[in-house]
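A closer look at the structure
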Amino acid sequence: MLDPTVDSAYPDYLRCLDDADEHGAIDVALALLDAGVPADRVLLGLVAPAQAQVGEWWARNEWSVAQEHAATHVSERVVAAVAATVRPRPSRERVVVACLDGEWHALPARLVAEVLRLDGWDVTFLGASVPSPHLVSYLHRHDPRAVLLACALPMRLPHAFRAIEACRRTDVPVVVGGRGFGSDGRWARKLGVAWAADARAASTLLAAPSLDVATADSLVDDTEYAGLVAARVELIDLALERLDLGRYSPAQIDATVADLGYIVDSLAAAVYVDDASLFGEFVSWMSTVLASRRVPLHTVGLTFDVMADRLRDFPRARGFLQVAALPLAA
Ligand code: B12
């Protein structure tokens, strides 16, 4: 979002995140409010891009997890300070904003919740990782205008779909959002659910007279997906056998097991929505992360070969793996 006043404060805000300077960051945000910048612009034009930048620094191994956590805490405090300063009375219906089960990226959903609140909606924010049965009983009890579900990781899409289906059975309309549904929302379309790119789009969607469910592009493929889930542990074991683990430290072995889990989960999610680009985007992201940590990428290619060999009866998964392995081998 282009706003010269916000843009000029952005470097100061990043510096405060880098210094974990909570007070400084709050001062930067409140000074913008004082200068007449609307609160939603402070949240979406300052805090949101700064958090994306934090993610880039982490991915490129320029920042540790501790630095990311410190910065995120500061941004959470800034969101709270802005929200406490501007407190419009709700003039619109109640909506519930929640992160799906296993989804710990609460801050993106919180930003959405606050912007909707600024827009007059009566927002209940349920935060990170809400188990579906609990979410469903909450919806039954409060019968809101809609439930907005956040998902930041594409590999969680199969879980997201089950939660969406559970919410739909309550007759409360569902709107989804977050990076997990693809930058253009294409995986939300695959799952046949209404998607909003950001909080403003969500507010417009909520105000539409009928919040009808979008129609699915095509049916998701549950059979090959289920087979992949059943083979998950075996695939990870086979890949570990292929690697020369004798040279790995215990911490490196742990990280490798976690990475192999992400590979299988992303492959399964790609099969689920039948879209090779989901796995392709994951592999290119993982290549950046691993290369910046000096992990030789051909070792990842080796694990793809082993998995593709085991997945002879899984045409989609095998095809996705083979395509993704090519640049890694090079
Ligand atoms: C902070 C952070 C964390 C924190 C979250 C704490 C918290 N309180 O939120 C913690 C440490 C928990 C975390 C964990 C992980 N994270 Co993280 N995280 C981030 C980070 C740096 C910032 C998140 C944020 O605040 N973003 C700011 C908002 C504004 O982002 P946004 O998605 O653009 O949101 C806008 C829209 O998408 C939309 N939107 C978002 N949600 C919703 C919801 C609805 C309903 C609607 C309508 C719209 C909407 O509106 C928003 C405002 O415009 C991001 C980087 C990033 N680019 O986001 C990584 C990032 C999302 N994380 C990432 C990863 C890999 C992980 C882990 C797997 C790391 C690990 N190895 O453990 C785990 C997974 C945990 C889990 N299962 O959920 C990757 C994901 C990469 C990928 N390709 O999938 C990212 C992109 C970092 C990176 N650059 O590599 N993370």
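By convention here, each chain's residues receive numbers from 1 onward along its written sequence. Given that this is a predicted model, residues contribute local features only at a pLDDT of at least 70 and side-chain atom pairs are listed and counted only at 80 or more, while totals for whole chains, interfaces and linings are drawn from all residues. Computation of side-chain values: all heavy atoms of the structure, hydrogens and water removed.

Concerning the sheet that holds strand β4 (residues 174–177)
For clarity, the cut-off: Here, strands pair whenever DSSP counts at least two bridges between them. Going along the chain from the N terminus, every DSSP run of H or I of four or more residues is numbered as a helix, and every run of E of two or more is numbered as a strand. Between two residues, a contact is recorded if the distance between any of their heavy atoms is within 4.5 Å. Only C-alpha atoms enter the line fits that serve as axes; for helices the fit covers just the stretch in contact. Angles between N-to-C directions range over 0 to 180 degrees.
Read from one edge to the other, the open sheet built from five strands follows the order β2-β1-β3-β4-β5, with strand pairing classed as parallel. Pairing within the sheet leaves two strands with one partner each, and these edge strands are β2 (122–127) and β5 (194–195). The pairing of strand β3 (residues 146–150) with β4 spans four bridges and is classified as parallel. Across the sheet, residue L149 finds its bridge partner in β4, namely V176. In the packing of helix α7 (residues 157–168) onto the sheet, contacts are made with β3 and β4, and the angle to β4 comes to roughly 160 degrees. In this fold helix α9 (residues 199–207) packs onto β1 (94–99), β3, β4 and β5, with an angle of close to 155 degrees to the strand it touches most, β3.

Examining the coordination of the cobalt atom of the ligand
Heads up, the condition is: For Na, K and Ca the donor cut-off is 3.2 Å, and for all other metals it is 2.8 Å, counting N, O and S atoms only; because water is absent from this set, sites may look incomplete.
When only protein atoms are considered, the cobalt atom of the ligand has one donor, H105 (NE2), at a distance of 2.2 Å. Within the secondary structure, H105 is located in the loop between β1 and α5 (106–118).

Re unusual backbone geometry
Despite not being glycine, A20 shows a phi value in the positive range, around 50 degrees. For D274, which is not glycine, the phi dihedral falls at a positive 50 degrees. Relative to the elements of secondary structure, D274 occurs in the loop between α12 (250–272) and α13 (276–291).

Comments concerning the pairing of β3
The two faces of the sheet receive side chains in turn, since in a regular strand these alternate between them. What counts is decided by this rule: When accessible area is computed with a 1.4 Å probe and restricted to protein chains, residues below 20% of their type maximum are described as buried, those above 50% as exposed, and intermediate ones as partly exposed.
The element β3 is extensively covered by neighbouring structure, given that five of its five residues are classed as buried. The two faces of β3 match: A146, L148 and A150 on one face and V147 and L149 on the other face are all buried.

Re the packing of α12 against helix α14 (residues 297–310)
Our working rule: Oblique is the label for every angle not falling under 35 degrees (roughly parallel), over 145 degrees (roughly antiparallel), or within 65 to 115 degrees (roughly perpendicular). Crossing handedness follows the turn of the near helix against the far one: under a right angle anticlockwise gives a left-handed crossing, and clockwise gives a right-handed one. Three categories are distinguished: nonpolar for Ala, Val, Leu, Ile, Met, Phe, Trp, Tyr, Cys and Pro, charged for Asp, Glu, Lys and Arg, and polar for the others, with Gly belonging to the last.
In the contact formed by α12 and α14, the axes pass within 12 Å of each other and the chain directions differ by 50 degrees. The angle between the axes of α12 and α14 places the two elements in the oblique class. By crossing handedness, the relation of α12 to α14 is classed as right-handed. Between α12 and α14, the contacting residues are L260, I263 and V264 on the first element and V300, T303, F304 and M307 on the second. Residues of the contact of α12 with α14, tallied by class, amount to six nonpolar, one polar and no charged.

Digging into the packing of aromatic side chains
Applied cut-off: Aromatic contacts are taken between Phe, Tyr and Trp rings whose centres are within 6.5 Å, Trp giving its six-membered ring; a plane angle under 30 degrees counts as stacked, one over 60 as edge-to-face, and the others as tilted. A ring is considered to have a charge above it if a Lys NZ or an Arg CZ atom is located within 6 Å of its centre and within 35 degrees of its normal.
The full count for this structure, using the stated rule, is six aromatic pairs. Both rings, one in F161 and one in Y272, keep their centres 6.2 Å apart while their planes meet at 65 degrees; by these two values the pair is edge-to-face. Placement of the pair is F161 in helix α7 and Y272 in helix α12, with a sequence separation of 111 residues. A single burial state applies to F161 and to Y272, both of which are buried. Feature note: the residues F279, F282, W285 and F304 constitute an aromatic cluster, connected by ring pairs. Across the ring face of W58, the terminal group of R293 is positioned such that the distance to the ring centre comes to 5.2 Å.

Some points on the site of the ligand
Applicable threshold: Here, proximity means that at least one heavy atom of the residue falls within 4 Å of the molecule or strand. Polar contacts, as used here, are pairs of N or O atoms within 3.5 Å; protein pairs need one atom able to donate a hydrogen and one able to accept it. Residues neighboring in sequence count only if both atoms are side-chain atoms. Domain delimitation in this document rests on an assignment produced automatically or drawn from a domain database.
Lining the immediate surroundings of the ligand are 36 residues, of which E76, W104, H105, L107 and W285 lie closest. Side-chain polar atom of E76 to a nitrogen atom of the ligand: 2.7 Å apart, as the coordinates give it. Mapped by element, the contributors of at least two residues to the shell around the ligand are α3 (39–59), α4 (65–85), α5, β3 and β4. Counting contributing residues, the shell around the ligand receives three or more from each of domain 1 (1–87) and domain 2 (90–220).

A word on the domain arrangement of the protein chain
This is how the line gets drawn: Defined in terms of a 1.4 Å probe, buried area is the accessible area two parts forfeit on being brought together, summed over both. Each salt bridge in this description consists of a side-chain nitrogen of Lys or Arg and a carboxyl oxygen of Asp or Glu lying within 4 Å of one another.
You can read the domains of the protein chain as domain 1 (1–87), domain 2 (90–220) and domain 3 (222–329). Each of domain 1 and domain 3 has a C-alpha centre, and the two are 35 Å apart. Contact residues are listed per partner, giving four residues for domain 1 and five residues for domain 3. The largest contributions to the domain 1 side of the interface with domain 3 come from W58, A59 and N61, which together make up 85% of the buried area. For the pair domain 1 and domain 3, the number of links is zero salt bridges.

A look at the side chain of R145
As for its placement among the helices and strands, R145 is situated in the loop between α6 (132–142) and β3. Given the relative accessible area of 17%, R145 is considered buried. A polar atom in the side chain of R145 sits 2.8 Å from the backbone oxygen of L206. Among the polar contacts listed, one links the side chain of R145 to the backbone oxygen of A208, at a separation of 2.6 Å. Once you skip the residues sitting within four places of it in the chain, R145 turns out to touch E93, R94, V95, W121, P173, L206, A208, P209 and L211.

Some words on the environment of G102
Its location among the elements puts G102 in the loop between β1 and α5. Residue G102 is classed as partly exposed on the basis of its relative accessible area, which comes to 28%. The sequence separation of G102 and A160 amounts to 58 residues, and the corresponding C-alpha distance is 9.6 Å. Residues in contact with G102, not counting those within four places in the same chain, are S129 and R156.

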